[in-house]
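Here is how the chains run, residue by residue.
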Amino acid sequence: MDIPSVPVPGQVGAVIDRTPPQAARGTYLEVVHSWVVTVDHKKLGILYIVYALIFLVVAGIEAILIRIQLFVPHNTFVSAATFNRLFTMHGTTMVFLVGMPILFGFGNYLVPLMIGARDMAFPRLNAFSFWISAFAGILLYYSFIGGVGLAGTGSAPDVGWFAYAPLTERAFSPGHTIDYWAVSLLASGIGSIGTAINIIATVFCMRCKGMTLLRMPLLPWLYATVSFLVIVAVSPLTAAQAMLMIDRYLGGHFFDTQAGGSAILWAHFFWIFGHPEVYVLVLPAFAFANEIIPVFARKAIFGYAAMVAASVGIAFISLSVWAHHMFTIGMTSFGNAFFTLSTMLVSIPTGIKIFNWLATIWGGKIRFETPMLFSIAFLFQFLVAGLTGIMLSISAWNWQLHNSYFVVAHFHYVLVGAIVFMIFAALYYWYPKMTGRMLDERLGKWHFWLMVIGFHLTFDVMHIPGMLGMPRQIYTYEPDRGWTLLNQIVSVGGFIQGIAVLIFVYNLVHSYFRGETAGADPWDAWTLEWSIPSPPPAYNFAVDPEVASRRPLWDIKHPEDPDSAFE
Amino acid sequence: MTAAGALNSCAAWAASPSTSTFSTASTPAREVNDLSFFVLAISAAIFIGVSALLVYALFRYRARPGESMEPPQVFGSVQIELAWTIIPILIIVMLFLGTARVLFSVQDAPKPATALDVTVVGHQFWWEFRYPQFNVVTANELHVPLSSPAAPRPTFLKLTSADVMHSFWVPQLAGKTDLLPNRVNEMWIDPLRTGLYVGQCAQFCGMQHAKMLLRVYVDTPEQFQQWIAQQQKTQIEIPGVTQPAAFESKQNSTANQRPPAQLKPASLSSIVPDSITSRDGQLVFEKQACINCHTVAGTVANGRYGPDLTHLMSRDTLAAGAMPNTPENLKAWISDPTTFKPGSLMPAMRLTDRQNAQITAYLLTLK
Amino acid sequence: MSTIPLQQAGTETPWRMPSRGVVAMASLITAESAIFTIFVVAYLYYLGHDIVGPTPREVLELPIFGTVCLLSSSFFIWLAEHAIEHAKMKAFALWWSVTILLGLIFLADTGAEWYKLIVRDHLTIRTNLFGTTFYSLVGLHASHVILGLFMMLVTIAFALTGKLLPVHAERVKVLALYWHFVDAVWVVVFTVVYIIGR
């Protein structure tokens, strides 16, 4: 775009980076304009990440309000109606406006850099996908002021993030709460599918010379897998939302139980999306771990092929486990047994991954910098999340645990303990690449330890009220149930996590202006993105790179012992 | 409620009555509990094993200052990969077999001829219980007989919903089963100890999902028969009663487990003035919209939308467990249900204070 | 600022990647297939669950003519693809137009069917489960036909004004892939709605 990257004749084998001198800063309007009209994958990636971080804070505030309300029984801090809106919006926000966008943001930023490409396969589709997702988020939050306005919290959705029929039908949800929910999820689904198609086309068609599929770093591999899952799993949600809208706007009867429609059908359709969605969110977290853990253990990833196979295996198995969310809905005993077994099978590839990470660390020289600290916490927490997942897959036990706080604790272990922790790790790891400056390590350590303490106070303890019979999605509880003290510990942990996130946000802003300059390769890493300046120029690579192994920079740094000799 | 309190051996910190899934009082819950300890033990072993390896590796292989050499690069090992694929498969086979045994034995348990049938209908935000064998309908407080090993009498519940999805969950008795419109699900319990067991709706069903509480009274067979006999009586047009009868005499099969009625007749007059008769109350009740939704068997009130009120005074709580059934609460509830349960589908009828008192007086006679 | 050299000397083997258009269209088709699957499942799930009539057996007639038109259009679009690959732009315009015409006939046939169902048989989307699932599934397919026709009309406009060149064969192929998919879906919809469902 700015300067054509012409290789210097006669100098094959040497790259001269022609980073242009800093252009004069534009006016604010020009800067904003350049971000709005951009089709650059790096800028769009950052837009996704910033958008998601803003909603992370919003959803965090909702979580804090929820925890204040549950601090004592029969609390009247918020009304029942408001509470229902809060947990619905918290869940919907975290999944659709934080999880998906931030993961797509990293995918956008990193996949082309890691495979040595100039941009995504379809830059304009990329911009379209981002802006339609952004529209979806803004529409969803407009619901707070739409309808009767802020005082009554407007028309914000209030039916839980899985919005079981027939509660969502006109008969039980008059007004526009469900309309906001359905339309914004439909829009964000279109954005997600667009980005997923883009990532698949990028990974399969844009790799640099020499980068065969089995020489790709694991991150693009996992993103391709995730994108496949998005395509086959988000589409059913899109279809189900279309059906819901046909019911609500055109008077259809898909989920209208009074006209013979079925509540179970919605549950099936939703979880056909909903369960793979968990893997859509967690596979990118694995992808970050696959990049970060080897660099800080100073060893190549153990069992690359097994890691690829396990990821693809998880994706396929995850398509056949959805009804484990429905063990209490009245399936036959055979159906319950089938979904018990299929769910347990997921633990095999997942176990392979954990063991491979362990083997990667084994024999290494581990550096405990903040990205690695978060990755280590991730390993422990994901192990526990996997084990509680096995407990929930035991269909008979699930009859007790289903829809209780045990489930809430389990999926927060996955979504916070694994995914959010790895998102933090990824931000510490790639922030220098994106901005050219390091995040502050001291603040990072504070962030990490407060986060770990808060997380375990909240989510370890949260398993117990579930086993003591506390259902999820209740705005208050009875004082005689023995849940009060437990809920107070959970809430306190939540507040501590809130403080940790505030420190992190401060670190992000502070380091952007005052952080130490990073240089091209601050972590002594091995993948292509570290071969170019931080932040990378608009054209990424001055000369199209060419690779001969999975760790091109290792080959260059260790010419006496190149990977390419072993692959 | 002291009897129920004694059950909390596992969850000692929990106040009575318990909702702990570990403090079981019925076969389905007990079998699940045994299974859960089996799974917990295996999970704990895995957790300890794997995290011990992790902790060891993190400590043993930490970078030491002054070392600049990279460690030896190892890329993988097929044998090791196979090992940690096969061992989890074996563990899964074990877990699955354990689960399948409990799953089939609970879910496909045959129904004995002695079983009691109860139909449970979920409503926003209360429970309707029907005893088709006895032609009894009640709400929110389920009475079932004890099922001793000597004389097993399990209760088989048919669950359905009148509106949206709900879920029936009394943790001490069994796992939960959802109630769906257009569909009948089944579950069973065989309570092995008498007493009160509590639970609540476990599937989000709307604004007052949190206050869709559930109470199950396990009676001795004799008490249960008495209770059924009482519930089978219809209310007749009662000739004018100037004062509701004394509450202490509230005769009930499980009276020994109930708290004493909290109201003394003296304070009652502040709620229902002496000049008001239950007869007037019945007239008001039957002329208002009350009877469109509520049934009082034997009278013109035969609505089906709200809870059956025929024996309202035999219940301990009002509005699906939202508050104790005292005359004071009853009158406040009639005056404006939203003070206790905003979002409740019972409208505030905007009656005069006198009319509310009259209706209260009438309802207080429905024993 | 210097960077690390990443060029390997003397590797001149050709490096070919698949066409991104084809890969993206294949992905889009996968996504669309998932959407159609959900609607087909809903249709089959609700077969015979209607509380009130009319039922499929009473009102549905086999749309043989439209089906023949739509399926044969796949053949003509293949001829058009072939023509543009060999730079025969006149032939391309001819076969492409025939494809569009057949698509339009199919759409008109569906329109006539809907008119009959709505006006004569009083079956609307609100009538019963059959109405809801039928109009949704067939309508979803018809909307894909309309989208395909729109894109093909844009293409023919370019072709007739001489803006479409043989170098664009790749893009035409991608669009044709979409049209083949729309035809293939009709085979499924036809089987489900008019054969199994009747």
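The numbering scheme is per chain: residues are counted from 1 as the chain's sequence reads. Chain labels run from A onward and ligand labels from 1 onward, assigned in the order the entries are written. Totals for whole chains, interfaces and linings use all residues, but because this is a predicted model, local features are given only for residues with pLDDT of at least 70 and pairs of side-chain atoms are given and counted only at 80 or more.

1. A few points about the overall build of chain B
For clarity, the threshold we go by: Per the convention used, a helix needs a DSSP run of H or I reaching at least four residues, while a strand needs a run of E reaching at least two, with both numbered from the N terminus. Neighbour density around each residue's C-beta defines its exposure: 20 or more other C-beta atoms within 10 Å make it buried, 12 or fewer make it exposed, and counts between make it partly exposed, where C-beta atoms are placed from the backbone.
Helices and strands together make up the secondary structure of chain B, namely nine helices and 12 strands. Relative to its full complement of 367 residues, chain B shows a buried share of 47%.

2. Digging into the sheet that holds strand S1 (residues 116-123) of chain B
All names here are of chain B. Counted only if it meets this: Any two strands with at least two DSSP bridges between them are considered paired. Note on definitions: angles span 0 to 180 degrees between N-to-C directions of axes, and those axes are lines fitted to C-alpha atoms, for helices only across the stretch in contact.
The strand order S3-S2-S1-S5-S8 describes an open sheet built from five strands, whose pairing is mixed. Both edges of this open sheet fall to strand S3 (136-139) and strand S8 (185-189), since each of them pairs with a single strand only. Neighbouring strand axes in the sheet, compared pairwise and without regard to direction, differ in orientation by 25° on average. In terms of strand pairing, strand S2 (residues 126-131) meets S3 through four bridges, oriented antiparallel. Residue pairing for S3: Arg130 is matched across the bridge by Val137.

3. Quick word on the nonpolar core
All names here are of chain A. As a reminder, the rule being used: Each nonpolar core consists of buried Ala, Val, Leu, Ile, Met, Phe, Trp, Tyr and Cys residues. Their C-beta atoms, within 7 Å, join them into a set. The contact criterion used here is simple: two residues whose C-beta atoms, placed from the backbone, lie within 7 Å are in contact.
Ranked by size, the top nonpolar core spans 346 residues in total, and within it Phe378, Met422 and Ala425 carry the most contacts. Top contributing element to this core by residue count: helix H7 (residues 263-297), with 25 residues. Setting aside chain neighbours within four positions, we find Ala425 in contact with Phe288, Ile292, Pro371, Phe374, Ser375 and Phe378.

4. Some thoughts on the pairing of strand S5 (residues 155-161) of chain B
Residue and element names in this part refer to chain B. Here S5 shows one buried face, formed by Thr155, Leu157, Leu159 and Ser161, and one open face, formed by Phe156, Lys158 and Thr160. Where S1 meets S5, seven bridges bridge the pair, whose relative direction is parallel. Counted as the bridge partner of Val118 is Leu157 from S5. In this structure, S5 lies alongside S8, joined through five bridges in antiparallel fashion.

5. Examining the interface of chain A and chain B
Heads up, the rule is: Residues are grouped as follows: nonpolar covers Ala, Val, Leu, Ile, Met, Phe, Trp, Tyr, Cys and Pro; charged covers Asp, Glu, Lys and Arg; every other residue, Gly included, is treated as polar.
Contact with chain A, which involves 73 residues of that partner, is made by 78 residues of chain B. Elements supplying a minimum of two residues to the side of chain A that touches chain B: helix H3 (80-114), H7, helix H8 (304-318), helix H9 (333-361), helix H10 (370-393) and helix H11 (395-401) of chain A. Top contributing element to the side of chain A that touches chain B by residue count: H9 of chain A, with 15 residues. Considered class by class, the residues forming the side of chain A that touches chain B number 44 nonpolar, 23 polar and six charged.

6. Things to note about the packing of H10 of chain A against helix H2 (residues 27-60) of chain B
Put simply, the rule is: Angle categories: roughly parallel below 35 degrees, roughly antiparallel above 145, roughly perpendicular from 65 to 115, and oblique for all the rest. Two helices that cross are described as forming a left-handed crossing if the nearer one is turned anticlockwise from the farther one by less than a right angle, and a right-handed crossing if clockwise.
Orientation of H10 of chain A relative to H2 of chain B, taken along the N-to-C sense of each, is 165°, at an axis distance of 10 Å. With respect to H2 of chain B, the axis of H10 of chain A lies roughly antiparallel. Handedness of the crossing formed by H10 of chain A with H2 of chain B: right-handed. For the pair formed by H10 of chain A and H2 of chain B, the contact residues are Ile376, Leu379, Phe380, Leu383, Val384, Leu387, Ile390 and Met391 of chain A on the first element and Val39, Ser43, Ile46, Phe47, Val50, Ser51, Leu54 and Leu58 of chain B on the second. For the contact of H10 of chain A with H2 of chain B, a count of residues per class yields 14 nonpolar, two polar and no charged.

7. Focus: the interface of chain A and chain C
Contact residues are listed per partner, giving 49 residues for chain A and 36 residues for chain C. Mapped onto the side of chain A that touches chain C, the elements with two or more residues apiece are helix H5 (177-205), helix H6 (218-250), H7 and helix H15 (552-557) of chain A. A per-element tally of the side of chain A that touches chain C places H6 of chain A first, with 10 residues. Taken together, the residues of the side of chain A that touches chain C sort by class into 33 nonpolar, 12 polar and four charged.

8. Digging into the confidence of the model for chain B
Residue and element names in this part refer to chain B. Worth spelling out the cut-off: Per-residue confidence from the prediction method is given by pLDDT, with values spanning 0 to 100.
Here chain B averages 84 in pLDDT, while 87% of its residues score no lower than 70. Low confidence marks residues 1-15, where pLDDT is under 50. Its contacts with residues over four positions away, or in another chain, come to 44 contacts. Low confidence marks residues 239-264, where pLDDT is under 50. Its contacts with residues over four positions away, or in another chain, come to 41 contacts.

9. Digging into the environment of Leu137 of chain C
Turning to its location among the elements, Leu137 of chain C is positioned in helix H5 (residues 129-160). Residues within four places of Leu137 of chain C in sequence aside, it is in contact with Phe39, Val40, Tyr43, Val189 and Val193 of chain C.

10. Quick look at the sheet that holds strand S10 (residues 213-219) of chain B
The pairing of strands in a sheet happens through backbone hydrogen bonds and is either parallel or antiparallel. All names here are of chain B. Pairing in this open sheet of three strands is mixed, and the strands run S4-S10-S9 from one edge to the other. Each edge of the open sheet is held by one strand with a lone partner, namely strand S4 (141-145) and strand S9 (195-200). Within this sheet the neighbouring strands show an average axis-to-axis angle of 25°, counted without direction. Relative to S10, S4 is paired through five bridges, and the arrangement is parallel. Among the inter-strand pairings, Pro145 is bridged to a residue of S10, identified as Asp219. Strand contacts of helix H4 (residues 221-232): S4 and S10, with the helix running at about 130° to S4, the strand carrying the most contacts.

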